[in-house]
Amino acid sequence: MLVALTRPSSVADFEQQFARLMEQEHAIAFPYGRTGQLLLLEAMGLKGREIICPAYTCVVVAHAIVRSGNIPVFVDSEVDGFNMDLDLAEAAITEKTGALIATSIHGYPVDLDRLASLQDKHPQLRIIQDCAHSFAASWNGQAVQKAGDAAIFGLNVSKLMTSIFGGMVTTDDQALADSLQQMRDSKTTQRWSRNLSRALYFFAATSALNPFVFEFIDRLQRAGTIARFTEYYDEGVIDMPADYLFAMSRAEASVGVVQCDRYPEIIAHRRNIAASYDKLLAEIVEIERPPMVDGATYSHYVIQVDGPPQLTEKMARQGIELGRLIDYCIPDMPAYQRYRRKNDSFKRTQTLNGRVINLPVWVKANTAEIIAQKLKKSL
Ligand SMILES: *Cc1c(COP(=O)(O)O)cnc(C)c1O
């Protein structure tokens, strides 16, 4: 990563590389994915409209909808998967609907055939692909990011590829790209370098595991100084981070350019590790394995078990930290209950919320074996 800082690239370089990687005409960089989403809704001219999105997704997506002056309409998950049920999504369309956010959650591609038939019936509907988990996942060989008006990406350290902070919007629509870029340029400011905690976090994340730096950062983290970069939400508030209109810096763009080169390797590794887990966990009856799907990019390998907290605690005692990624149902949160509609049901999302655990997919193959062995003993 430090190599990136000695070979600096501009934000425009990163945008060009990213557009090429995603096979799209335009890519526009933002400080967060959610900033890109918010300004995209504005650039599409949507205000006071209903925006359909999954109940099972990252809460920041809903925050950006509300903060853009629109109304989120939540849709439950499909029967046998993690993505939004597109039949329910279609049923939720009204004359007030402005856009639909199709999310390939955990890297599982959205059913683009089903989406195309929905789009045929509702040609005025704008389709936004949320590719923050999937990047270039594909459905029957068709890239998800290209199947709509625009796609949004998150680029923080927990994503498939990263520029430490950052987000990106891609599109093939010249007019939309122009107005979005204008909006971005007029609304974002170059105050990044004056923000000490953001600079420190960047330094920590890019320095090649320098123990001294990490000790220092760890202390700041425990003191709460930089917690806001790693903690996603407060259940009661619909908010954007204080720095959501800071422009992407050259340092971030430089890391992003290096990551673009590494992208094929990153995806290949994740697919390998997911396939290994699939074999390694096959005989553990207590674990429901996620489907193995062609074209999935496995931002997360999510197993389902009864009682995730007990298992994560047992594993933590053995030195393995497992994640609980989306353990909340957005329309059940206090801040979002007012957006629920009569007869809404989020049973499938709630079931996922209470059962999923994600195993690390960036690890080496032998670590995956150790994790599988410890899981077997812990159940
Ligand atoms: C991370 C994420 C985003 C947006 O990313 P930020 O850069 O954190 O704003 C959007 N959608 C999903 C599903 C995500 O996981």
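Presented here is a report on the structure given in the accompanying data block. (Residues numbered from 1 in each chain as written. Predicted model: local features only at pLDDT ≥ 70, side-chain atom pairs only at ≥ 80, totals over all residues. Heavy atoms only, no water.)

1. Focus on the overall build of the protein chain
- Each helix and strand in the protein chain was counted, giving 14 helices and eleven strands.
- In the protein chain, which comprises 379 residues, the proportion classed as buried is 55%.
- Contacts spanning at least 24 positions in sequence make up 73% of the contacts within the protein chain whose residues lie at least 6 apart.
- Carbon and sulfur atoms make up 51% of the accessible area of the protein chain, which totals about 16800 Å². (Helix = DSSP H or I, 4+ residues; strand = E, 2+ residues; numbered from the N terminus. Buried < 20%, exposed > 50% of the residue type's maximum accessible area, 1.4 Å probe, protein only. Contact = heavy atoms within 4.5 Å. Areas by Shrake-Rupley, 256 points an atom, 1.4 Å probe, with all protein chains shown as cover.)

2. Structural notes on the site of the ligand
- Every one of the 15 residues lining the ligand counts as a neighbour, but Gly33, Arg34, Asp130, His133 and Lys159 are closest to it.
- With respect to the ligand, the side chain of arginine 34 contributes an N or O atom lying 2.7 Å from an oxygen atom.
- In the environment of the ligand, an oxygen atom lies 2.7 Å from a nitrogen or oxygen atom belonging to the side chain of lysine 159.
- Elements that contribute at least two residues to the shell around the ligand include exactly helix 3 (33-43) and helix 4 (59-67).
- Across the shell around the ligand, the residue classes tally to six nonpolar, six polar and three charged. (Near = heavy atom within 4 Å. Polar contact = N/O pair within 3.5 Å; in protein donor to acceptor, adjacent residues only side chain to side chain. Nonpolar A, V, L, I, M, F, W, Y, C, P; charged D, E, K, R; others polar.)

3. Let's talk about the pairing of strand 9 (residues 167-171)
- Among the five residues of strand 9, five are classified as buried, and the element is accordingly described as predominantly covered.
- Both faces of strand 9 are covered, namely the face carrying Gly167, Val169 and Thr171 and the face carrying Met168 and Thr170.
- As paired elements, strand 1 (residues 26-30) and strand 9 share five bridges and run antiparallel to each other. Across the sheet, phenylalanine 30 pairs through a bridge with glycine 167, a residue of strand 9.
- In this sheet, strand 9 lies alongside strand 8 (residues 150-154) in antiparallel orientation, the contact comprising four bridges. Along strand 9, the bridge assignment pairs isoleucine 152 with valine 169. (Pairing = 2+ DSSP bridges.)

4. Considerations on helix 12 (residues 308-317)
- Taken as a whole, helix 12 has its buried residues at Pro308, Leu311, Thr312 and Met315. Relative to the axis of helix 12, the buried residues are bounded by an arc of 95° and lie together on one face. Away from its buried face by more than 90 degrees, helix 12 exposes Gln310 and Arg317.
- Buried residues belonging to helix 12 abut helix 13 (347-355), strand 11 (356-359) and helix 14 (365-378).
- Looking one or two places after helix 12, you find glycine 319, whose phi comes out positive at around 85°. (Arc of directions from axis to C-beta.)

5. Section: helix 14
- With 14 residues, helix 14 ought to run about 20 Å at 1.5 Å a step, and its terminal C-alpha atoms sit 20 Å apart, in line with that.
- Along helix 14, the residues classified as buried are Ala368, Ile371, Ala372, Leu375 and Ser378. Buried residues of helix 14, seen end-on, are gathered within an arc of 130° and therefore sit on one face of the element.
- Those residues of helix 14 that are buried lie in contact with helix 11 (250-280), strand 10 (301-304), helix 12 and strand 11. (Expected span 1.5 Å × (residues − 1).)

6. Things to note about the sheet that holds strand 8
- Taking strand neighbours across the sheet as the criterion, the seven strands line up as 1-9-8-5-4-2-3 in an open arrangement whose pairing is mixed. Two strands in the sheet have a free side with no partner beyond their single neighbour: strand 1 and strand 3 (71-75). Across the sheet, the mean angle separating the axes of adjacent strands is 25° when strand polarity is ignored.
- Bridging between strand 2 (residues 50-54) and strand 4 (residues 97-103) involves three bridges; their strand directions are parallel. By the bridge assignment, isoleucine 51 is partnered in strand 4 with alanine 99.
- Those strands touched by helix 4 are strand 2, strand 3, strand 4 and strand 5 (126-130), and its axis lies near 150° from that of strand 3.
- Sitting on the sheet, helix 7 (residues 174-187) is in contact with strand 1, strand 5, strand 8 and strand 9, with an inclination near 20° to strand 1. (Axes fitted to C-alpha atoms, helices over the stretch in contact; angles between N-to-C directions.)

7. Here's the deal with the pairing of strand 11
- Residue alternation in strand 11 divides its side chains into two sets, Val356 and Asn358 and Ile357 and Leu359, and both sets are buried.
- Across four bridges, strand 10 lies against strand 11 in antiparallel orientation. By the bridge assignment for strand 11, valine 302 is matched with asparagine 358.

8. A short note on unusual backbone geometry
- Even without a glycine there, the phi angle at tyrosine 298 is positive, about 50°.
- Within the secondary structure, tyrosine 298 sits in the loop between helix 11 and strand 10.
- A positive phi angle is found at asparagine 343, which is not glycine, with a value near 70°.
- Mapped onto the fold, asparagine 343 is located in the loop between helix 12 and helix 13.
- According to the relative accessible area criterion, asparagine 343 is exposed, its value standing at 74%.

Shape is all these values report; function is a separate question.
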